[in-house]
Amino acid sequence: METTHRVFVGDARDLSGIEDDTVELVVTSPPYPMIEMWDDLFTDLDPAVGDALESGDGRRAFEAMHAQLDRVWDELERVLVDGAIACINVGDATRSIDDSFRVYPNHARVLEAFESRGFDPLPDVLWRKPTNSAAKFMGSGTLPPNAYVTLEHEYVLIFRKGGEKRDFEPKADRRYEAAYFWEERNQWFSDVWTDVRGELQVLEDDELRDRSAAYPFEIPYRLICMYSAYGDTVLDPFWGTGTTSLAAMCAGRNSVGYELESEFLEVFEDRVAAAPDLSRSVGRARLERHREFVDRRRKEEKEFGYEADHYETPVVTKMERGLQFREVAGIDRLDDDESTGYLAEHVPLTLE
Ligand SMILES: C[S@@+](CC[C@H](N)C(=O)[O-])C[C@H]1O[C@@H](n2cnc3c(N)ncnc32)[C@H](O)[C@@H]1O
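Just so it is clear, the structure is predicted and the values come from calculations on it, not from any experiment.

J.: Help me understand the overall build of the protein chain in this model?
T.: Along the backbone of the protein chain there are 11 helices and 16 strands. Since a compact globule built from 352 residues should have a radius of gyration of about 20 Å, the 21 Å found for the protein chain is in line with a globular shape. The principal-axis extent of the C-alpha atoms belonging to the protein chain is close to 65 × 55 × 45 Å. Expressed as a percentage of the 352 residues in the protein chain, the buried residues total 36%.

Next up, the structure:
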């Protein structure tokens, strides 16, 4: 099996490199409005943002920034197939402007934007960022009432385009082979994720790392396994250093991305080189965790109804029987005039 991964250096407000109705899943994290590190970017996209900030009008700046994201959401509406899922990782922002502190609720504004474009909101996920530091106070020490709650969670907002679920032919291999384990379902489809590890991948250049605001690999990887089948294409319009494409590659799905900053593609080169090892270790770790689950369940003297077809292990449900992990066996370049591309060759996961 082969997958393709394309990256366009360009502005996602115009996804003209991607045809209508060709994407089955979006997994992305936009620049967060009202987080200072993105002020300049939003001002480049629309100078009205800078004017609003300078005049101390936080509410107007917030709206002007979201108006730029809205243009990307319009494009998603065009490129997604009916029934496609969009997963938007976003955090709220806290900020003082002209000595007035408040929260800017990005998640609520993005939710409204998708709903008004005909997407159905589905139950969302909160994930807690791993933090080593003791909780930081915001506001006035230990005296009521003027201290503020510290925001240490982000949202994964989840939407479906159009009212209907996607259709698959009965028993479609590409869906059944992409099944996940029962215990993974219980963990992944819970509404609060506290077990997402920080981004372990080290980017060489500290400045680049700060600017890329990469999310942990585990976030796109899980979402891709939860909401797409083999053969599907995953889009990240705010591609950054390509964590979504890396996760898609490891999960055996196609990907496409847009990114304004061309230098992030160089970072991705190193990440791609590590994809064969990463895909193997991610797949093996899932099988290893399943074996531990089997041991625990047997100790509790609970039954397993079925045997997996491709691995020597029992599984809880009939739907898991056909699951088959893939690993990346090799990667070639697939550049064209418009985009940088990669062709990944996948083989069934080996255990030795
Ligand atoms: C929060 S970061 C995403 C990081 C990414 N998820 C990763 O793991 O590396 C947002 C990215 O969107 C890019 N960006 C912002 N506005 C854009 C636009 N209009 N078109 C394309 N890329 C954009 C920024 O340069 C930045 O790399």
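J.: What is the right way to look at the nonpolar core in this model?
T.: A general feature of soluble globular proteins is that nonpolar side chains tend to end up buried together. With 73 residues, the main nonpolar core has L25, V26, A86, C87, I224 and C250 as its most contacted residues. With nine residues, helix α3 (residues 58–79) is the largest single contributor of residues to this core. Excluding anything up to four places from it in sequence, A86 contacts V26, L76, L80, F114, F119, F159 and K161. Counting five residues, the second-largest nonpolar core is a separate cluster that includes A178, A179, Y230 and L323.

J.: How should the sheet that holds strand β1 (residues 2–9) be read in this particular structure?
T.: Ordered in space as β10-β6-β9-β3-β2-β11-β12-β1-β16-β15, the 10 strands form an open sheet in which the pairing is mixed. Strands at the two margins of the open sheet, each flanked by one partner only, are β10 (192–193) and β15 (326–333). Contacts from α3 reach β2 (23–28), β3 (80–90), β9 (153–161) and β11 (233–236), with the element oriented near 150° to β3.

J.: Any chance you could explain unusual backbone geometry here in plain terms?
T.: Apart from glycine, the bulk of residues carry a negative phi angle, and the bulk of peptide bonds sit in the trans form. P145 follows P144 through a cis peptide bond whose omega is 5°. One can find P145 in the loop between β7 (138–139) and β8 (147–148). Even without glycine at this site, D21 takes up a positive phi of about 55°. Locating D21 in the fold gives a position in the loop between β1 and β2. A positive phi is found at M34, a non-glycine position, where the angle reads about 75°. In this structure, M34 sits in the loop between β2 and α1 (39–45). Judged by local crowding, M34 falls into the buried class, with 24 C-beta atoms found within 10 Å.

J.: I tried to follow the pairing of β9 on my own but got confused; where do I start?
T.: Residues in a regular strand point their side chains to alternate faces of the sheet. Buried residues dominate β9, accounting for seven of its nine residues. With six bridges connecting them, β3 and β9 associate as antiparallel partners. When the sheet's bridge partners are listed, A86 is paired in β9 with F159. Where strand β6 (residues 119–128) lies against β9, eight bridges are found, and the strand directions are antiparallel. If you follow L122 over to β9, its bridge partner there is I158.

J.: I keep staring at the site of the ligand and nothing clicks. Help me out?
T.: Neighbouring the ligand are 18 residues; A12, A214, F238, G240 and T243 lie closest to it. Taken together, the residues of the shell around the ligand sort by class into nine nonpolar, five polar and four charged.

Rules used throughout
Residues numbered from 1 in each chain as written. Predicted model: local features only at pLDDT ≥ 70, side-chain atom pairs only at ≥ 80, totals over all residues. Helix = DSSP H or I, 4+ residues; strand = E, 2+ residues; numbered from the N terminus. Rg over C-alpha atoms; globule rule 2.2 N^0.38 Å. Buried ≥ 20, exposed ≤ 12 C-beta atoms within 10 Å, placed from the backbone. Core = buried A, V, L, I, M, F, W, Y, C linked by C-beta atoms within 7 Å. Contact = placed C-beta atoms within 7 Å. Pairing = 2+ DSSP bridges. Axes fitted to C-alpha atoms, helices over the stretch in contact; angles between N-to-C directions. Near = placed C-beta within 6 Å. Nonpolar A, V, L, I, M, F, W, Y, C, P; charged D, E, K, R; others polar.

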